[in-house]
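# What the coordinates show
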Amino acid sequence: MAGIPFPFSPVQIILLELFMDLGASASFVAEPPEPSIDRRPPHDPKVPFLNTSMVTGIALMGTALWVAVFVPYWYALDRGISPGIAQTAAFSSWMIGHILLAFFSRSVHDPLYRIGFFTNRVMVLWAAGALAFLAILLGIPAAGERFGVTQISAGTVLAIAGFAFVCMAGFELAKVAKKR
């Protein structure tokens, strides 16, 4: 309707669903208890699980991921870069942004440095596998073509990763500021 090509091909949407949602969900099941759990009062049973605070957090995280994906996508299209490269930028942004979001979402209260980056081995393995898969798609043209991914430069991937990090880091910075 907006006259803009879709940011993801159908096969990329399937990959994102399989790789990102199922993988992240499995890794959250293996998440150890938060370090500060014994210093917080019990959850009030009268407060609904999906309260305003949680819904707001979900909306903000979704918005941050949307920005991390669509800014590089629209930037590429605006510069006259091919839709295939723009789709690859969007796909790469989603993969990287989703991984960062998963790590920063491991706790609502405790910053990642306090939890420990490697304390959830399932999440570390999932993230490493997802990044390795993305590297294969970006680095091996025959593999990328099967999934609608075009080769982009390492500098572009680093710029995408940096932008995704900036979009997601606010959640971690808020936890650090709250602790102080």
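The following refers to the structure shown. (Residues numbered from 1 in each chain as written. Predicted model: local features only at pLDDT ≥ 70, side-chain atom pairs only at ≥ 80, totals over all residues. Heavy atoms only, no water.)

### Observations regarding the overall build of the protein
Helices and strands together make up the secondary structure of the protein, namely 7 helices and 0 strands. Listing the helices and strands of the protein from first to last along the sequence gives α-α-α-α-α-α-α. Along the first, second and third principal axes, the C-alpha set of the protein runs to 55 × 35 × 30 Å. Looking at the protein as a whole, 38% of its 180 residues are labelled buried. Nonlocal contacts in the protein, meaning residues at least 24 apart in sequence, comprise 79% of its contacts between residues at least 6 apart. Accessible area of the protein: about 10,600 Å², with a carbon and sulfur share of 72%. In the protein, which carries 12 positive and 10 negative side-chain charges, the distance between the mean positions of the two groups comes to 8 Å. (Helix = DSSP H or I, 4+ residues; strand = E, 2+ residues; numbered from the N terminus. Buried < 20%, exposed > 50% of the residue type's maximum accessible area, 1.4 Å probe, protein only. Contact = heavy atoms within 4.5 Å. Areas by Shrake-Rupley, 256 points an atom, 1.4 Å probe, with all protein chains shown as cover. Lys, Arg positive; Asp, Glu negative; His and termini not counted. Charge placed at Lys NZ, Arg CZ, Asp CG, Glu CD.)

### Overview of empty space enclosed by the protein
Taken as a whole, this structure holds 1 cavity of 30 Å³ or more when the rule is applied. Quantified by volume, the largest cavity comes out at close to 30 Å³. Residue lining of the largest cavity: E31, P32, P33, E34, P35, R106, S107 and I115, and that is the complete set. For the lining of the largest cavity, the class distribution of residues is 4 nonpolar, 1 polar and 3 charged. (1 Å grid on protein atoms, 1.4 Å probe; cavity = no way out; pocket = protein on both sides within 12 Å on 5 of 7 lines; lining within 4 Å. Points joined across faces, edges and corners; volume = space filled by probe spheres on them. Nonpolar A, V, L, I, M, F, W, Y, C, P; charged D, E, K, R; others polar.)

### A few points about a nonpolar patch on the surface
A contiguous nonpolar patch, built from F49, L50, V55 and I58 and spanning about 430 Å² of accessible area, is present on the exposed surface. In this fold, L50 is placed in the loop between α1 (10-29) and α2 (52-78). (Patch = residues over 30% accessible without salt bridge, like charges linked within 9 Å, V, L, I, M, F, W, Y side chains within 5 Å. Salt bridge = Lys/Arg side-chain N within 4 Å of Asp/Glu carboxyl O.)

### Describing helix α5 (residues 121-139)
Here α5 contains 19 residues, and its C-alpha end-to-end distance of 26 Å stays within 8% of the 27 Å for a straight helix at 1.5 Å per residue. Within the span of α5, buried status applies to M123, W126, A127, A130, F133, L134, L137 and L138. For α5, the buried positions fall inside an angular range of 135° around the axis, keeping them on one side. What points out from α5, more than 90 degrees from its buried face, is the exposed set R121 and L125. Packing partners of the buried residues in α5 comprise α1, α3 (83-104), α6 (141-146) and α7 (154-179). A side-chain oxygen of the first residue of α5 lies 3.2 Å from the backbone nitrogen of V122; this N-cap is N120. (Expected span 1.5 Å × (residues − 1). Arc of directions from axis to C-beta. Polar contact = N/O pair within 3.5 Å; in protein donor to acceptor, adjacent residues only side chain to side chain.)

### Quick notes on the environment of H109
With respect to the secondary-structure elements, H109 resides in the loop between α3 and α4 (112-115). Its relative accessible area of 27% is what places H109 among the partly exposed residues. Distance in space between the C-alpha atoms of H109 and V176 is 8.8 Å, their sequence separation being 67 residues. Filtering out sequence-adjacent residues up to four positions away, H109 remains in contact with E34, S36, R40, K175 and K179.

### Some remarks on the nonpolar core
Counting residues in each nonpolar core, the largest one holds 42 residues, and the members touching the most others are F91, M95, I96, I99, W126, L137 and M168. Elements that contribute at least two residues to this core include exactly α1, α2, α3, α5 and α7. In terms of residue count, α3 provides more of this core than any other element does, 12 residues in total. Excluding its chain neighbours within four sequence positions, the residues that come into contact with I96 are L131, L134, V157, I160, A161 and A164. (Core = buried A, V, L, I, M, F, W, Y, C linked by side-chain atoms within 4.5 Å.)

### Comments concerning the packing of aromatic side chains
On inspection of all chains with the given rule, the structure shows 9 aromatic pairs. Seen in terms of ring centroids, F104 and F165 are 5.9 Å apart; in terms of plane orientation they differ by 65°. Their pairing is edge-to-face. Here F104, found in helix α3, pairs with F165, found in helix α7; they are 61 residues apart in sequence, far enough to count as distant. Members of the aromatic cluster, connected to one another through ring pairs, are W66, F70, Y73 and W74. (Phe/Tyr/Trp six-rings, centres within 6.5 Å; stacked < 30°, edge-to-face > 60°.)

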